[in-house]
Amino acid sequence: MTSNIALHLAHSFAEKGFQVWAEVPLKEENRRIDFFAYNYPEGITVALEFKKSIETPQGNYEDLKRLVDIHENGVCNAEHRFNNQSLSRAEPKEMYGVVTLLSAEEFADWWKHPKNGDYTPNGRSARDYRRIGKAIDVAGYRFVVPLVEYFCSAKSTGDKYRFRRAAYALYRECDMENLKEVLLENP
């Protein structure tokens, strides 16, 4: 499902004049960003990380930390090119974000509205949820979008659907210092 979301996002970004890449190698060895879009005339950079689930929050927490690292260290430079492109032509306006799939209602409520400083979803106890909740709270934009997945196979009889949600949190340049502070503080 995350591949389908990435495909739709890539199409939307391309229609707006962005060049789009998937799995872009970072400056460090063996690290990649899931989705990267760049608009040369506008100097806009968009870096996104995707997760299939937030049931195990460690991966989502690591993605948020990776966004801070990318913000501080960049994605690539003239010596580290990808797809015959270099990003050194303009001073970019930057946007960072995470996109994850939510399977349970309590995650959707938590993502949209942290409750009076309680940054942990109902019924969940992993410490990374609290950190993620605080990180979501400092995002410039966040939202949850309903999804309907259709399952079809040669053996299936009738239509089968699964309802889930896609959640995103986007951080503008001005949000990144707050994100860094939240991720560095103790749980």
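Residues numbered from 1 in each chain as written. Predicted model: local features only at pLDDT ≥ 70, side-chain atom pairs only at ≥ 80, totals over all residues. Heavy atoms only, no water.

S.K.: How would you sum up the overall build of the protein chain? Please name residues and give values.
M.R.: Tallying secondary structure elements over the protein chain gives 5 helices and 6 strands in all. Along the chain direction, N to C, the helices and strands of the protein chain fall in the order α-β-β-β-α-β-α-α-β-β-α. Counting every position in the protein chain, which comprises 187 residues, the buried fraction comes to 42%. (Helix = DSSP H or I, 4+ residues; strand = E, 2+ residues; numbered from the N terminus. Buried < 20%, exposed > 50% of the residue type's maximum accessible area, 1.4 Å probe, protein only.)

S.K.: Tell me about the pattern of salt bridges, and please be specific about residues and values.
M.R.: Evaluation of the coordinates by the stated rule reveals 12 salt bridges. For Arg172, the salt bridge identified is with Asp175, shortest N-O distance 3.0 Å. A residue is classified by how much of its surface remains accessible, and Asp175, at 5% relative accessible area, is buried. The network of salt bridges with common partners includes Glu49, Lys51, Asp63 and Arg66. (Salt bridge = Lys/Arg side-chain N within 4 Å of Asp/Glu carboxyl O.)

S.K.: Go over the packing of aromatic side chains, please, and point to the residues and values.
M.R.: Scanning the model with the defined rule gives 10 aromatic pairs in all. Arranged with centres 6.0 Å apart and planes meeting at 40°, the rings of Trp21 and Phe36 form a pair that is tilted. Taken together, the residues Trp21 in strand 1 (residues 19-25) and Phe36 in strand 2 (residues 32-39) connect sequence positions 15 residues apart. Residue class for Trp21 comes out buried when judged on its relative accessible area of 10%. In this structure Phe36 comes out as buried when scored by relative accessible area, which is 0%. Taken together, the ring pairs in this structure connect Phe13, Phe18, Phe35 and Phe50 into an aromatic cluster. The side chain of Arg172 reaches across the aromatic face of Tyr141, ending 5.5 Å from its centre. (Phe/Tyr/Trp six-rings, centres within 6.5 Å; stacked < 30°, edge-to-face > 60°. Lys NZ or Arg CZ within 6 Å of the ring centre and 35° of its normal.)

S.K.: Please give an account of unusual backbone geometry that cites residues and values.
M.R.: For Glu23, which is not glycine, the phi torsion reads 55° and is therefore positive. Along the chain, Glu23 turns up in strand 1. By relative accessible area, which is 42% here, Glu23 ends up partly exposed.

S.K.: Could you give an account of the pairing of strand 3 (residues 44-51), with specific residues and numbers?
M.R.: In terms of residue burial, strand 3 counts as a mostly covered element, since 6 of its 8 residues are buried. Bridge analysis of strand 2 against strand 3 gives 5 bridges, and the strand direction is antiparallel. Note on strand 3: the bridge partner recorded for Asn39 is Ile44. Here strand 2 folds back onto strand 3, and the loop between the two strands holds 4 residues, one of which, Gly43, carries a positive phi near 65°. As defined by bridge partners, strand 3 adjoins strand 4 (residues 93-102) across 8 bridges and the pair is classed as parallel. Its bridge partner being in strand 4, Ala47 is matched across the sheet by Tyr96. (Pairing = 2+ DSSP bridges.)

S.K.: Tell me about the packing of helix 3 (residues 105-112) against helix 4 (residues 127-137), and name the residues and values.
M.R.: It is the contact of helix 3 with helix 4, at a shortest axis distance of 9 Å, that shows an interaxial angle of 45°. When the axis of helix 3 is compared with that of helix 4, the two are oblique. Residues Phe107, Trp110 and Trp111 of helix 3 form the contact with helix 4, whose participating residues are Tyr129, Ile132, Gly133 and Ile136. Its residues placed into classes, the contact of helix 3 with helix 4 shows 6 nonpolar, 1 polar and no charged. (Axes fitted to C-alpha atoms, helices over the stretch in contact; angles between N-to-C directions. Parallel < 35°, antiparallel > 145°, perpendicular 65-115°, else oblique. Contact = heavy atoms within 4.5 Å. Nonpolar A, V, L, I, M, F, W, Y, C, P; charged D, E, K, R; others polar.)

S.K.: A description of the packing of helix 2 (residues 57-73) against helix 5 (residues 176-184) should follow, citing residues and the corresponding values.
M.R.: Following both chains from N to C, one finds helix 2 and helix 5 inclined at 135°, their axes separated by 10 Å at the closest point. Judged by the inter-axis angle, helix 2 sits oblique to helix 5. As for how helix 2 packs across helix 5, the hand of that crossing is left-handed. Mapping the contact onto sequence places Tyr61, Leu64, Lys65, Leu67, Val68, His71 and Glu72 in helix 2 and Met176, Leu179, Lys180 and Leu183 in helix 5. Residue composition of the contact of helix 2 with helix 5, grouped by class: 7 nonpolar, 1 polar and 3 charged. (Left-handed = near helix turned anticlockwise from the far one by under 90°.)

Function cannot be read off these values alone, since they describe shape.
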